[in-house]
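Architecture and fold: a report
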Amino acid sequence: MFSLREHRLPDGRELLLFGRSAHREEPCESLPPVSPGAGSHLRWHPLRGEWVAYAGARQGRTFLPAASFCPLCPAAEGRLGEIPFRTFEIAVFENRFPAFSDAGGALPVLPPGVEAAPAKGRCEVVVFSDDHRAALGTLSDDRIALLFEVWGARVEALGREYPHVLPFENRGEEIGVTLHHPHGQIYAFPFIPAQVRRAAEAQAASPVIGDLLRHAGELEIEALDEAVALVPPFAMYPYETWILPRRRAPGPQALSGSERQAMARLLGRAVRRLDGLFGSPMPYILTVQCAPRGFEDSFHMSVEIRPFRRDSGKLKYLAGVEQGAGVFLADILPEDAAARLRTLPAGGPA
Ligand SMILES: [Zn+2]
């Protein structure tokens, strides 16, 4: 169970404070509002059958500020941030520079035959902690369990309005992360992305994830009664790690308290293993794959971590074969990756 405080920022954006205990602090001053940029829009890629989103306003966003000016840190004397409070557990707010928003705006004039649409939707920032130096791997299991509750609450709320909601975390300067404060994001899309639809249709046709759990064998990294961490047998990234609830749930909103705890414990341990692989924090993309609208009765949620370091000092790039043919090349077998990950210390949070 969590306590929720709803707060309005001066420019009208919503700020939600989630915590184990009620948040009653008086707000301080917040960052001045920025004028909203040109509305985002979508263009249809007829060869891929996918939308491409164009967000003109995003170029001006904060780029690697010094730690003393982190906009996600709690407010302090003489320092304004996005969150006008001195302490918080998990904070969620609407992105200042959203790629998707209901703000609207005129569509650009495009050559005939190029289909465009407003990029309606919502982009939120999820700040995992008020400690700038924390990371998913140093948070307590209970804080990560709270994060699962936050993901669930937002997927449920945004899912009422939008057909697909994606919580995710991009981590590491190597993959272009501009703020080091531990945080993730949530995108609510006005359509079901093509890749998500393909995955949902595959699961509707056959219980792919349930079968995977039953036959994981040497692909298992670690298993608890209610959740499993494994390397999928068809991993596309080196040391790719999935955390799965054993019972089929369409998203984190449908997990029980004990399932959330098991998922949280395995997630923290999985990140610490990845950080231990090459002796430096692993750059990764973490996604929480939830059922898109209409697939709630067959979709089995997953938390998927795609690491971007394949060896000491070597990053995984999507090169010719991946980009030109959509065929992923991997140089470590999933079962070998699982065996290696099992040997690494997963310890407790620092
Ligand atoms: Zn910070």
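The following paragraphs examine the structure supplied in this document. What you are looking at is a predicted structure, and each value in this text was computed from that prediction instead of being measured.

Along the backbone of the protein there are six helices and 16 strands. Relative to the compact-globule value of 20 Å for 350 residues, the protein shows a C-alpha radius of gyration of 20 Å, a close match. Projected onto its principal axes, the C-alpha coordinates of the protein cover approximately 55 × 55 × 40 Å. Within the protein, the fraction of its 350 residues that count as buried is 50%. A total of about 16,300 Å² of accessible surface is found on the protein, and carbon and sulfur atoms cover 53% of it. Charge separation in the protein, taken as the distance between the mean sites of 38 positive and 42 negative side-chain charges, equals 2 Å.

In this structure, Leu136, Phe148, Leu267, Leu286 and Val303 are the most contacted members of the largest nonpolar core, which totals 53 residues. Filtering out sequence-adjacent residues up to four positions away, Leu267 remains in contact with Leu136, Ile144, Phe148, Trp151, Ile243, Leu286, Val303 and Ile305. Ranked by size, the runner-up nonpolar core spans 14 residues in total, among them Cys70, Cys73, Phe85 and Phe88.

Glancing now at the environment of Ala339. For Ala339, the position within the fold is in helix α6 (residues 334-343). It is 25 Å that separates the C-alpha atoms of Ala339 and Ile144, two residues lying 195 residues apart in sequence.

For the rest of this paragraph, the subject is helix α4 (residues 257-277). In an α-helix, one turn spans 3.6 residues, which is why side chains three or four residues apart end up on the same side. Here α4 spans 31 Å end to end across 21 residues, near enough to the 30 Å set by a 1.5 Å rise per residue. The element α4 is largely enclosed, with a buried count of 15 among its 21 residues. With its phi angle positive at about 75°, Gly279 sits one or two positions after the end of α4.

Donor atoms from the polypeptide that bind the zinc ion are Cys70 (SG), Cys73 (SG), His132 (ND1) and His181 (ND1), placed at 2.0 to 2.4 Å. Bound by four donor atoms, the zinc ion shows angles of 103 to 118° at the metal and therefore tetrahedral coordination geometry. Within one chain, the residues serving as donors to the zinc ion are arranged as C-x2-C-x58-H-x48-H. Of this pair, Cys70 sits in the loop between β4 (50-54) and β5 (90-94) while His132 sits in the loop between β7 (122-127) and α1 (141-159), and the two are 62 residues apart along the sequence.

The residue Glu124 is located in strand β7 in this model. Side-chain polar atoms of Glu124 contact the side chain of Arg122, separated by 2.8 Å. Every residue in contact with Glu124, bar those within four places of it in the chain, is listed here: Val92, Phe93, Glu94, Asn95, Arg154, Leu158, Gly184, Gln185 and Ile186.

Our focus in this paragraph is the sheet that holds strand β10 (residues 220-223). An order of β1-β2-β5-β7-β9-β8-β13-β14-β12-β11-β10 is seen for the 11 strands of this open sheet, with the pairing classed as antiparallel. Two strands bound the open sheet, and with one partner strand each, they are β1 (3-8) and β10. Going from strand to strand, the sheet's axes swing by 20° on average, the running direction of each strand aside. Along the sheet, α6 makes contact with β10 and β12 (241-245), crossing β10 at roughly 45°.

Before going further, it helps to examine unusual backbone geometry. Its identity is not glycine, yet Tyr239 carries a phi of approximately 65°, on the positive side. Overall, Tyr239 belongs to the buried group, its relative accessible area being 5%.

Moving on, we get to the packing of α1 against α4. It is at 8 Å that the axes of α1 and α4 come closest, and there the two elements cross at 120°. Once α1 is placed against α4, the crossing between them reads as right-handed. Of the residues in α4, those in contact with Asp141, Ile144, Ala145, Phe148, Glu149 and Trp151 of α1 are Arg260, Met263, Ala264, Arg265, Leu267 and Gly268. Its residues assigned to classes, the contact of α1 with α4 comprises seven nonpolar, one polar and four charged.

Here the focus is the environment of Leu146. Structurally, Leu146 is set in helix α1. Residues Leu146 and Pro250, 104 residues apart in the sequence, show an inter-C-alpha distance of 18 Å. Residues within four places of Leu146 in sequence aside, it is in contact with Phe2, Phe18, Gly19, Arg20, Glu89 and Ile90.

A few words now on the packing of aromatic side chains. For the structure on display, the rule yields 14 aromatic pairs. A centroid spacing of 5.9 Å and a plane angle of 70° characterise the contact between Phe100 and Tyr187, whose relative ring orientation is edge-to-face. Of this pair, Phe100 sits in the loop between β5 and β6 (116-118) while Tyr187 is found in strand β9 (residues 183-189), placing the two residues 87 residues apart along the sequence. You can call Phe100 buried: its relative accessible area is 5%. The exposure class of Tyr187 is buried, given its relative accessible area of 11%. For the cation-ring pair, Arg43 lies above Tyr54, with the distance from its terminal atom to the ring centre recorded as 4.6 Å.

Analysis parameters
- Just so you know, the residues in each chain are numbered from 1, in the order the chain's sequence is written.
- Residues qualify for local features only when their pLDDT is at least 70, as the model is predicted, and side-chain atom pairs are given and counted only at 80 or more; totals for whole chains, interfaces and linings, by contrast, use all residues.
- Heavy atoms from the whole structure form the basis of all side-chain values; hydrogens and water molecules are not counted.
- Here a helix means four or more residues in a row that DSSP labels H or I, a strand means two or more in a row labelled E, and each is numbered from the N terminus.
- Based on C-alpha atoms, the radius of gyration is set beside the globule rule, defined as 2.2 Å times the residue count to the power 0.38.
- Under the scheme applied here, a residue whose accessible area is under 20% of the maximum for its type counts as buried, over 50% as exposed, and between as partly exposed, the area being computed with a 1.4 Å probe on protein chains only.
- Note on areas: Shrake-Rupley, 1.4 Å probe, and residue coverage restricted to the protein chains presented here.
- His is not counted here, nor are the chain ends, while Lys and Arg score as positive and Asp and Glu score as negative.
- Where a charge lies is defined by one atom per residue type: Lys uses NZ, Arg uses CZ, Asp uses CG and Glu uses CD.
- Residues belong to one nonpolar core when they are buried, are Ala, Val, Leu, Ile, Met, Phe, Trp, Tyr or Cys, and are joined through side-chain atoms within 4.5 Å.
- Contacts between residues were defined by any pair of non-hydrogen atoms, one from each residue, lying within 4.5 Å.
- Helix span, expected: 1.5 Å multiplied by one less than the number of residues in the helix.
- Donor selection uses N, O and S atoms within 2.8 Å of the metal (3.2 Å for Na, K and Ca). Since no water is included, sites may look incomplete.
- Only two sets of limits are used to name each site, 85 to 135 degrees for every angle of a tetrahedral four-donor site, and over 155 degrees for opposite donors with all other angles from 65 to 115 for a square planar four-donor or octahedral six-donor site, with any other site named irregular.
- Pairs of N or O atoms within 3.5 Å make up the polar contacts considered here, provided that, within protein, one atom can donate a hydrogen while the other can accept it, and that residues adjacent in sequence are counted only when both atoms are side-chain atoms.
- Note on pairing: two strands pair once DSSP finds at least 2 bridges between them.
- To get an axis, fit a line to the C-alpha atoms, keeping to the stretch in contact for a helix; angles then go from 0 to 180 degrees between the N-to-C directions.
- A clockwise turn of the near helix away from the far one marks a right-handed crossing, whereas an anticlockwise turn of less than a right angle marks a left-handed crossing.
- Each residue is assigned to one class: nonpolar for Ala, Val, Leu, Ile, Met, Phe, Trp, Tyr, Cys and Pro, charged for Asp, Glu, Lys and Arg, and polar for all the others, Gly among them.
- Pairing of aromatic side chains requires ring centres within 6.5 Å, counting the rings of Phe and Tyr and the six-membered ring of Trp. Pairs whose planes differ by under 30 degrees are stacked, by over 60 edge-to-face, and all others tilted.
- In our convention, an over-ring charge means Lys NZ or Arg CZ found within 6 Å of a ring centre and within 35 degrees of that ring's normal.

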